[in-house]
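Chain residues, written in single-letter form:
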Amino acid sequence: MPDVKLSQLAAQSPASVYAGADLWFRGFKNLLINGDYAINQRGFAGGALAAGVYGHDRMKAGTGGCNYTVNATTGVITHTSGPIVQIIEAPRLASTQVTVSVEDPSGTITVNIDGQTGSITSGAGRRGVALTLPSGSTGNVTLTLTATGVTYKRVQVELGSTATPFEWRPAQIEMALCQRYYWKTFDQAIAPVQNSGSFKGGVAYIANFAGAGFVGMRVAYPVKMRTTPSVTFYNPGAANANWRNRATPADSGPASLAYSELGDSSLVIANNQVAGDLVGQTIYVHLSCDAEL
């Protein structure tokens, strides 16, 4: 629907008004999350990804794996080989026409969205392909982009038959959308790994008794996750999943889940302190939570 003032709505056809209203009520135009690859919580440096493994947030390798890099300054994606996939959570697209588009593709990109295929051809500006999804697309919808040695930017999936300018959303909103599926305690610039050397953002407590004993605490996620996540613990100062006493510095006990309290809004984690832990010392652990589709 054209960009019109309210006073001009009467001049629009009923079909245009209905189409526009459908877009208004749906909210965000771009059905993809992190379509510009700006959020990279896992700290993917670029290169080869095995099938099913995630790189930048919400982007994973398809069958056979893929290889890609992203220029963090320009946003240019160099799609070297293989399929890059995003599963869109229940967008209600049965029998609906959508347009998949990118910016400035240097070559042909093959598009597959829930079994419907087409191609985005090379050229300047925003270029896309319109596809109508089958009537069976009532749940999650899988978008796959496959290319060989092609550069492009800013992927978008939107309703209708026309590729429109990329939708920029506030960084805080885009981050929250990503954190529904994946969240880490590390600062955004730090990849979630064992022995990172960074205590920033880690879960921490100050020991109120000396020596061995049980400590448990609840950790709330920044947003409610899609489902109960899988959890990985990271020691800030050693190559294992133990808590770390920053004062000594030495490992405390192994990090663990407690009381069957792992859910989609929070979890309870525990530490069995060790003999070397003393009153007043601060003990840390990092974690990541994965609820990807």
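The present account deals with the structure reproduced in this document. For clarity, every value in this text was computed on a predicted model and none was experimentally measured. (Residues numbered from 1 in each chain as written. Predicted model: local features only at pLDDT ≥ 70, side-chain atom pairs only at ≥ 80, totals over all residues. Heavy atoms only, no water.)

A word on unusual backbone geometry
Residue R92 is not a glycine yet carries a positive backbone phi of 60°. Mapped onto the elements, R92 comes out in the loop between strand 5 (83-88) and strand 6 (97-103). (Helix = DSSP H or I, 4+ residues; strand = E, 2+ residues; numbered from the N terminus.)

Topic: empty space enclosed by the protein
Considering all chains together, one arrives at two cavities of 30 Å³ or more under this definition. Elements with a contribution of two residues or more to the lining of the largest cavity: strand 5 and strand 10 (141-146). It is strand 5 that contributes the most residues to the lining of the largest cavity, three residues altogether. Of the residues assigned to the lining of the largest cavity, the class counts are eight nonpolar, one polar and no charged. (1 Å grid on protein atoms, 1.4 Å probe; cavity = no way out; pocket = protein on both sides within 12 Å on 5 of 7 lines; lining within 4 Å. Points joined across faces, edges and corners; volume = space filled by probe spheres on them. Nonpolar A, V, L, I, M, F, W, Y, C, P; charged D, E, K, R; others polar.)

Concerning the pattern of salt bridges
Here the structure, examined in full by the defined rule, presents 11 salt bridges. Across the pair E292 and R58 runs a salt bridge, and its minimum N-O distance is 2.4 Å. In this pair, E292 is assigned in the segment after strand 20 (282-290) and R58 in the loop between strand 1 (47-49) and strand 2 (60-61), connecting sequence segments 234 residues apart. We classify E292 as buried; its relative accessible area is 12%. Ionic pairing is found between R218 and E261, a salt bridge with its closest N-O pair at 3.1 Å. With R218 in strand 14 (residues 213-220) and E261 in the loop between strand 18 (256-257) and strand 19 (266-273), this residue pair connects regions lying 43 residues apart in the sequence. Within this structure, E103, R126, K153 and R154 form a network of salt bridges that share partners. (Salt bridge = Lys/Arg side-chain N within 4 Å of Asp/Glu carboxyl O. Buried < 20%, exposed > 50% of the residue type's maximum accessible area, 1.4 Å probe, protein only.)

It is worth stressing that arrangement in space is one thing and function is another; only the former is reported here.
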